[in-house]
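So the chains spell out like this:
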Amino acid sequence: MSKKEEIILPNGVNKEDFLKAISEIEKIVGTKWVFKTKEDLDLYRDAYSPYWDELEEPIPSLAIAPKKVEEIQEIVRIANKYTLPIFPISTGKNLGYGSSAPNNRGDVVIDLKRMNKIIEVNDKRNYCILEPGVSYFDLYEYCEKNNLNVIMDIPDPGWGSPVGNSLDHGWGYTYGQYRDHFGAHCGMEVVLANGEVMRTAMGALPGSKTFAENKYGYGPYLDGLFSQSNFGIVTKMGFWMMPKPEHYTLAVLTVPKRDDLIPLVEIMNYLEDSSIIGWPLYRSPLNPEYGKPMNPELKSYLTSKNGKPDIDKIQDYAIRNDIPYWQIDIPVYGNKDSVEANINYIKQRFTKAIDGAKVKVIEDYDLPLTKKQAKSLKHKVTLGIPNLEIFWLSTRGENFGPKDGHVWFSPIIPRDGKELLKCQEIYIDTFHELGMESMITPFSHPRTWMYRAFCFMIGFANSRTDKEKNEQMRKVYTTMVKVAAKHGWGDYRAAPPFQDAVSGVYNFNNNILKRFTQELKDTIDPNGILAPGRGGIWPKRLRGDKNA
Amino acid sequence: MLKNMKTVLFVSVLAATSLLASNSTDYTKGKQVFDKWCVHCHGIGMPATNALRIVYKETNISPVLEQRKDLDAEFVKFIVRHGRYSMPFFRKTEINDEQLKNLALYLSTKNKK
Ligand SMILES: Cc1cc2nc3c(=O)[nH]c(=O)nc-3n(C[C@H](O)[C@H](O)[C@H](O)COP(=O)(O)OP(=O)(O)OC[C@H]3O[C@@H](n4cnc5c(N)ncnc54)[C@H](O)[C@@H]3O)c2cc1C
């Protein structure tokens, strides 16, 4: 809130109506769960906002924390009465993509953290049904306490929720079909913009026994409408869970050359799509350990060819120093015999096809893991053990200060080695043209959690003290969106300030996708109260010339 | 007179005991908050601890919050509600004021006992 602003108002609502709406809402949820002081509302700011402390920063005018579906229905009715824009969050930990803040300054946050019932976990038919406020930590604790033989596929930070994460198309770290969190959901309950409650798929059949097991029921599949969008407030979701494997092995593959990536990816795709392996983590050992400086000789080659990288010299450096160019960690699940057989097969496939390829087993465990094994596991997320260890990537290193956070630029590119190398080149050229040190090198790796595609991500640092730095970052980000789109790469997810730009490049046939969703918006939510602008979908009253 | 003194003494012992008891349950609740929300980054070997190890390299201050002797309750509350660097601030639906008070009590008194 700027010093001059006495109180932030919701877009298009006058103070008198706003105060009336607040008092009606307080009667529904109780004053304790309606947050309206600056001190409380500041807790709903986006800690990683690219607009921190600027007028455009999306700070809510009000936050409401209902406990029951009926309360949400009432809130929605009041919102319609006063044209109050409301923005639902589940656990509100969407750091890098908006955190717990709304899309626009003044939108009212509906914080569903208190709706935290684990409705059911079934470890015979392998699913769960959850309310939005249930975090990955909560679910894991519940399963372990009750000795249930299932694991949930989780993202890196364990404090988010299956509901919130999947609704923003989040990803995890086991087998592909579970890693796609929205894809692994099954069944939804949603409060619509008119306050009615809808259940999708099997849930639409009263007394159905397969809410979280069959995704379609009968009729059109509507669930997709409620992700990265603004057509409803999701109040329950079912998810498919993975049975705990009996045995787990982590193998490490190394290859000596940059171009080895091309056959490597092809074999890895085969192994993944045949469910022989879980999530392959690609890295390059040429990158220094976090916090340590890069070897100065190697660093000099990043700019030694007219300001751009000298790939031959980098390759030569890797060979001379016996540093593998790529390293892939490969988790394998199953029973002891099947895992051993698969490991041998994996070894055979890579060593036959790539000169100098090596496969080494570094972890090999029967499940359940002992406490000590679980604690020392290299990639806890590959066995669904929630944690926050990933936050190393923004902390202070020996060589540099801490970051305030980051805003993810996350384009989807083909799962193809050649295309990745091309993508590196295009990004490096773009940084060069912008006159900046490139955040991408010829050994930057793809992110591989996205099933059947790569994501080639950049985490742009944001600042809570340096507005100029944020402005520069916003400029680079929007440039990158355009450059990527020119090459057929589009973001899978974006923080609120970039959602218009990102959705804007999905413009086949004169923006038909956007025009179609807007038509739906105008029909389903005629007052435009639900999360205006979320996913680039604006209601008529606020659309203006945004995407004429 | 003596009887009155005895009563006063008895009552105040009772009050002190219950104060201690309530402090000790608050303290235990504070530890629970720490274990739910803080330990994942501030436990031994975790990212915030590793970063603080660099900050306090030349001092005798421990990078592990639960081993700190100098933590002030108000400082703990401030950091939880304002964040620090990539640590975000926490909403009241996550850690409410009562829980925050207990957490601050736990961290500020743990090593002063
Ligand atoms: C260091 C770091 C690592 C990360 N790693 C990963 C990762 O491995 N995988 C990954 O997927 N993400 C990752 N993220 C991004 C993010 O932190 C997680 O995706 C997180 O789970 C999202 O927050 P949440 O689950 O609390 O969702 P929320 O913040 O609750 O929700 C996200 C969005 O979905 C919508 N929404 C939420 N609930 C509802 C509802 N009930 N009805 C309608 N709409 C709703 C809202 O628009 C909301 O803003 C990472 C972030 C950081 C900072």
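Treat the numbers as computed from the prediction; the structure is a model and nothing was measured.

Rules behind the numbers
- Residues numbered from 1 in each chain as written.
- Chains lettered and ligands numbered in written order.
- Predicted model: local features only at pLDDT ≥ 70, side-chain atom pairs only at ≥ 80, totals over all residues.
- Heavy atoms only, no water.
- Helix = DSSP H or I, 4+ residues; strand = E, 2+ residues; numbered from the N terminus.
- Buried < 20%, exposed > 50% of the residue type's maximum accessible area, 1.4 Å probe, protein only.
- Contact = heavy atoms within 4.5 Å.
- Salt bridge = Lys/Arg side-chain N within 4 Å of Asp/Glu carboxyl O.
- Near = heavy atom within 4 Å.
- Polar contact = N/O pair within 3.5 Å; in protein donor to acceptor, adjacent residues only side chain to side chain.
- Areas by Shrake-Rupley, 256 points an atom, 1.4 Å probe, with all protein chains shown as cover.
- Phe/Tyr/Trp six-rings, centres within 6.5 Å; stacked < 30°, edge-to-face > 60°.
- Pairing = 2+ DSSP bridges.
- UniProt positions renumbered as here; feature names shortened; annotations may be inferred.
- Arc of directions from axis to C-beta.
- Buried area = accessible area lost by both parts, 1.4 Å probe.
- Nonpolar A, V, L, I, M, F, W, Y, C, P; charged D, E, K, R; others polar.
- Axes fitted to C-alpha atoms, helices over the stretch in contact; angles between N-to-C directions.
- Parallel < 35°, antiparallel > 145°, perpendicular 65-115°, else oblique.
- Core = buried A, V, L, I, M, F, W, Y, C linked by side-chain atoms within 4.5 Å.
- Disulfide = S-S within 2.5 Å.
- Left-handed = near helix turned anticlockwise from the far one by under 90°.

**Some thoughts on the environment of V121 of chain A**
All names here are of chain A.
Logical step 1: Looking at the element boundaries, V121 is found in strand β5 (residues 118-122).
Logical step 2: Since its relative accessible area comes to 13%, V121 is described here as buried.
Logical step 3: Along the chain, V121 and W240 lie 119 residues apart, while their C-alpha atoms are 9.9 Å from each other.
Logical step 4: Residue contacts for V121: discarding those within four places in its chain leaves Y127, C128, L139, Y142, C143, L148, V150 and M241.

**What about the pattern of salt bridges?**
Logical step 1: Scanning all chains against the criterion turns up 43 salt bridges over all chains.
Logical step 2: Between E74 of chain B and K77 of chain B there is a salt bridge, with its nearest N and O atoms 3.3 Å apart. With E74 of chain B and K77 of chain B both in helix α3 (residues 73-82), this residue pair falls 3 residues apart, about one helical turn.
Logical step 3: Of the charged contacts, one joins E94 of chain B and R91 of chain B as a salt bridge, the two residues approaching to 3.5 Å between their closest N and O atoms.
Logical step 4: Since its relative accessible area comes to 1%, R91 of chain B is described here as buried.
Logical step 5: Residues joined in a network through salt bridges with shared partners are R179, E272, D273, R415 and R452 of chain A.

**Things to note about the site of the ligand**
All names here are of chain A.
Logical step 1: Not every one of the 33 residues close to the ligand is listed here, only the nearest: S90, T91, K93, Y173 and R493.
Logical step 2: Within the side chain of T91, a nitrogen or oxygen atom sits 2.6 Å from an oxygen atom of the ligand.
Logical step 3: At a separation of 2.9 Å, an oxygen atom of the ligand approaches a polar side-chain atom of N165.
Logical step 4: Burial of the ligand by the protein amounts to 96% of the accessible area it has alone, namely 960 Å².
Logical step 5: Secondary-structure elements contributing two or more residues to the shell around the ligand are β3 (86-89), α5 (162-167), β10 (232-240) and β16 (406-409).

**Here's the deal with the packing of aromatic side chains**
All names here are of chain A.
Logical step 1: On inspection of all chains with the given rule, the structure shows 26 aromatic pairs over all chains.
Logical step 2: When the ring of Y290 is compared with that of W392, the centres are 5.0 Å apart and the planes differ by 65 degrees; the resulting orientation is edge-to-face. Remark: W392 occurs in the loop between α11 (371-376) and β16 and Y290 occurs in the loop between β13 (281-283) and α8 (296-300); sequence separation between them is 102 residues.
Logical step 3: A relative accessible area of 30% places Y290 in the partly exposed class.

**Topic: the sheet that holds strand β18 (residues 454-455) of chain A**
The strands making up a sheet associate through hydrogen bonds between their backbones, and the pairing can be parallel or antiparallel.
Residues and elements named next belong to chain A.
Logical step 1: Taken in spatial order, the 3 strands of this open sheet run β18-β17-β20, and their pairing is antiparallel. Either end of the sheet is taken by a strand with one partner, and the two such strands are β18 and β20 (490-491).
Logical step 2: Summarising the sheet, strand β17 (residues 411-413) and β20 pair through 2 bridges and their orientation is antiparallel. Bridge pairing in β20 links P411 to D491.

**With respect to the UniProt feature "domain: FAD-binding PCMH-type" (unreviewed entry) in chain A**
Logical step 1: In this numbering, the UniProt entry assigns the feature "domain: FAD-binding PCMH-type" (unreviewed entry) to residues 56-244 of chain A.
Logical step 2: In residues 56-244 of chain A, helix accounts for 18% and strand for 23%; the two terminal C-alpha atoms are 46 Å from one another.

**Section: helix α9 (residues 311-320) of chain A**
Residue and element names in this part refer to chain A.
Logical step 1: Buried residues of α9: I314, Q315, Y317 and A318, and no others. Axial view of α9: buried residues confined to an arc of 155 degrees, hence all on one face.
Logical step 2: Where α9 is buried, its residues meet α8.
Logical step 3: Looking one or two residues past α9, D322 carries a phi angle of roughly 55 degrees, positive in sign.

**Structural notes on the interface of chain B and chain A**
Logical step 1: Facing 23 residues of chain B, the contacting portion of chain A comprises 40 residues.
Logical step 2: Approximately 2500 Å² of surface area, both sides summed, lies buried where chain B meets chain A, with 66% of it carried by carbon and sulfur atoms.
Logical step 3: Between chain B and chain A we count 4 salt bridges in total.
Logical step 4: A salt bridge links D40 of chain A to K92 of chain B; the shortest N-O distance between them is 2.7 Å.
Logical step 5: Taken together, the links from chain B to chain A amount to 10 residue pairs in polar contact (both at pLDDT 80 or more).
Logical step 6: For the side of chain B that touches chain A, the secondary structure elements donating two or more residues are α1 (2-42), α2 (47-55) and α3 of chain B.
Logical step 7: Each residue belonging to the side of chain B that touches chain A can be placed in one class, and the counts come to 12 nonpolar, 5 polar and 6 charged.

**Re the packing of helix α7 (residues 261-273) of chain A against helix α12 (residues 417-433) of chain A**
Residue and element names in this part refer to chain A.
Logical step 1: Where α7 meets α12, the closest approach of the two axes is 7 Å, and the angle between their N-to-C directions is 130 degrees. As summarised for this structure, α7 and α12 are arranged oblique, according to the angle between their axes. On α12, the residues touching L261, I262 and V265 of α7 are G417, K418, L420 and L421.
Logical step 2: Partitioned by chemical class, the residues of the contact of α7 with α12 number 5 nonpolar, 1 polar and 1 charged.

**Brief notes about the nonpolar core**
Logical step 1: Judged by nonpolar contacts, the single largest core of 60 residues is most densely connected at L253 and F350 of chain A.
Logical step 2: Filtering out sequence-adjacent residues up to four positions away, L253 of chain A remains in contact with L264, M268, W326, Q327, I328, I330, F350, A357, K358 and V359 of chain A.

**Thoughts on the state of the cysteines**
Logical step 1: By the definition in use, this model includes 0 disulfides over all chains.
Logical step 2: Here C186 of chain A stays free of any disulfide, with the sulfur of C128 of chain A as its closest cysteine sulfur at 11 Å.

**Quick look at the side chain of R105 of chain A**
Logical step 1: Structurally, R105 of chain A can be placed in the loop between β3 and β4 (108-111).
Logical step 2: In this structure the side chain of R105 of chain A is engaged in a polar contact, spanning 2.8 Å, whose partner is the backbone oxygen of E57 of chain A.

**What about the UniProt feature "domain: Cytochrome c" (unreviewed entry) in chain B?**
Logical step 1: Per the UniProt annotation, the sites labelled "domain: Cytochrome c" (unreviewed entry) are residues 25-111 of chain B.
Logical step 2: Each end of residues 25-111 of chain B is marked by a C-alpha atom, and these two atoms are 17 Å apart; helix forms 57% of the span and strand 0%.

**Quick word on the packing of α7 of chain A against helix α10 (residues 336-353) of chain A**
All names here are of chain A.
Logical step 1: Running from amino to carboxyl end, α7 crosses α10 at an angle of 160 degrees, the nearest separation of the two axes being 10 Å. The angle between the axes of α7 and α10 places the two elements in the roughly antiparallel class. Regarding α7 and α10, the two cross each other, and that crossing is right-handed. Contacts between α7 and α10 involve L264, I267, M268, Y270 and L271 from the former and Y345, I346, R349, F350 and A353 from the latter.
Logical step 2: In the contact of α7 with α10, the residues fall into 9 nonpolar, no polar and 1 charged.

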